[in-house]
Amino acid sequence: MKCRIILLTIISSGIFFTFSGKNLFAQNLGEIIKLAENNLQLKAAGAKTKSLLKAYQAAKGANYPRLDLGYNATYLQDKPVMYPDMPMGPKKWQIGPQNNYEGFLTLSYPLFKGFAVTASIDKAKLESLKAGLEEQDVKRQINMSIVSLYTQTVAAKQAITAKTRALDAAKESMKKAEGFYDKGLIPVSEVYNIKAGAHEIEADLIHTKNKKKMLLNQLSYFVDTQINNVEGLPDYQDLDLSGLIKEALQEREDIKALQLALEIKEHEITIAKSSNYPEISLFAQAKRTGDGMDIDGDDFTNKNKSSAGVIFSYNLFDGCTTRNKIAAAKQNAVMVKHLYNDYKQQIRTEITNSYLAFKSLQEELCAADKRFKAQKAFYRLTRGRFDNQLASMDELSRAIADLATARAKYFALKAGLYEYYSRLLLEVSLKKFTDAHRL
């Protein structure tokens, strides 16, 4: 098994976790999603699926005959004797060997067990299928976390770009202000003002860079691979709410798993009811006995004791155990049915709310785009006025900060919009998401 070593690496401006696997630089979303196969939670879910598949294969063995080979050796402390009444008084007779050896080969087959065998096999099969769906649902949820982290990282990356530009603009303006001050055109307070603004932008930039590093560390954890940077956002398409809900109720992995859970509970009822039926088994046995290890007879009974027969058993009273088991199994089925119906309502609400957030973000992005363009034009105007000493340093500082804020907000909304687009696809099903991204 490959060792997973986490190396703590301290870099001057932040802390990174280096994973033992790959060490990748800028990655797009599709490449990172493929790396989700490395997630340890997903691997654990896969191991559970394989385990239940083996359990299903084991359960099928109950439908086949059973062949047993045995050898017994019994050593009695005293010889087995009897004392029959005789005319001359009781007489001691040995009626069997003191040492007894048996060898047998038994073939048995459960002809009928009240449908319990068939129900148990079907239940095991459904449980293995349910585990497979649960594994896919774990992957769906992991992908949702990855998309969220990826989009937040892209937004942080764009915010860094915006604040870096703002810092460059502030430094350039600071040099201009120092030149004005040297010529006696502005007071020193305005130079201090622009310096203070530049320091604030720089501090905010360091904070955003560290936030990006933290997001990358979380992203690296989910894919068990060191991710050092991310690329841009894929395109998205408009979505239809009613179609999303309808498809989710038919295709979503956790809904299908609950549907199988309902079927499993029905089989548990059948298993509980099986005790109300008789059990019939067939057997055939090749058996030899003797007073030596060669099982070649004992001079008392026949050495060949082979047999065949039918075993019929029927319980007449078990203290109401079967009746209570049936009642408990039925209530479990009712419980799962209520949970299933509630979960469907929950999914409808979940998708509806995500869709409303998606549509709201579309409108907010449109407004943010206009605000960004307006702030860019206002900054250029203010910069020109400042260069001609028609605007104060305070006005220029505010224009620089407002432009950086507008730029960062625009890209944050763009990232948030794509996150909700992907969330909607994943709330429908993992297949819907992978098909949309051609993964």
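1. A few points about the overall build of the protein
Broken down by element type, the protein carries nine helices and 10 strands. For the protein, the C-alpha radius of gyration of 39 Å lies well beyond 22 Å, the compact-globule estimate for 439 residues. Counting only C-alpha atoms and orienting by the principal axes, one finds that the protein spans roughly 150 × 50 × 35 Å. Residue burial in the protein is summarised as follows: out of 439 residues, 37% are buried. Contacts in the protein between residues far apart in sequence, at least 24 positions, make up 79% of those at least 6 positions apart. For the protein, the computed accessible surface area is about 25400 Å², with 55% contributed by carbon and sulfur atoms. On the protein, the mean spot of the 62 positive side-chain charges and the mean spot of the 50 negative ones are 3 Å from each other.

2. Quick look at the nonpolar core
Grouped together as the largest cluster of nonpolar side chains are 73 residues, with contacts concentrated most on Ile-32, Ile-146, Leu-219 and Ile-400. By residue number, the principal contributor to this core is helix H8 (residues 393-428), which donates 17 residues. Residue contacts for Ile-32: discarding those within four places in its chain leaves Gln-27, Ile-146, Tyr-150, Leu-219, Val-223, Ile-227 and Val-230.

3. Remarks on the sheet that holds strand S7 (residues 99-112)
Ordered in space as S4-S7-S9-S10, the four strands form an open sheet in which the pairing is antiparallel. In this open sheet, the two edge strands, each paired with only one partner strand, are strand S4 (66-75) and strand S10 (307-313). Looking at each pair of strands side by side, their axes are set apart by 25° on average, direction ignored.

4. Concerning the environment of Leu-40
With respect to the helices and strands, Leu-40 occurs in helix H2 (residues 40-59). Given a relative accessible area of 45%, Leu-40 falls into the partly exposed group. Taking the C-alpha atoms as reference points, Leu-40 and Val-223, 183 residues apart in sequence, are found 8.4 Å from one another.

5. Concerning the pairing of S7
Both faces of the sheet carry side chains from a regular strand, because those side chains alternate between them. Relative to S7, S4 is paired through 10 bridges, and the arrangement is antiparallel. By the bridge assignment for S7, Thr-74 is matched with Asn-100.

6. Considerations on the pattern of salt bridges
All chains considered together, the criterion is met by 23 salt bridges. Residue Glu-247 pairs with Lys-432 through a salt bridge whose shortest N-O separation is 3.3 Å. Placement of Glu-247 in helix H5 (residues 241-251) and of Lys-432 in helix H9 (residues 430-437) is noted, with a sequence separation of 185 residues between them. A single network of salt bridges, built from pairs that share partners, joins Asp-137, Arg-140, Arg-252, Asp-254 and Glu-350.

What counts and what doesn't
- Residues numbered from 1 in each chain as written.
- Predicted model: local features only at pLDDT ≥ 70, side-chain atom pairs only at ≥ 80, totals over all residues.
- Heavy atoms only, no water.
- Helix = DSSP H or I, 4+ residues; strand = E, 2+ residues; numbered from the N terminus.
- Rg over C-alpha atoms; globule rule 2.2 N^0.38 Å.
- Buried < 20%, exposed > 50% of the residue type's maximum accessible area, 1.4 Å probe, protein only.
- Contact = heavy atoms within 4.5 Å.
- Areas by Shrake-Rupley, 256 points an atom, 1.4 Å probe, with all protein chains shown as cover.
- Lys, Arg positive; Asp, Glu negative; His and termini not counted.
- Charge placed at Lys NZ, Arg CZ, Asp CG, Glu CD.
- Core = buried A, V, L, I, M, F, W, Y, C linked by side-chain atoms within 4.5 Å.
- Pairing = 2+ DSSP bridges.
- Axes fitted to C-alpha atoms, helices over the stretch in contact; angles between N-to-C directions.
- Salt bridge = Lys/Arg side-chain N within 4 Å of Asp/Glu carboxyl O.

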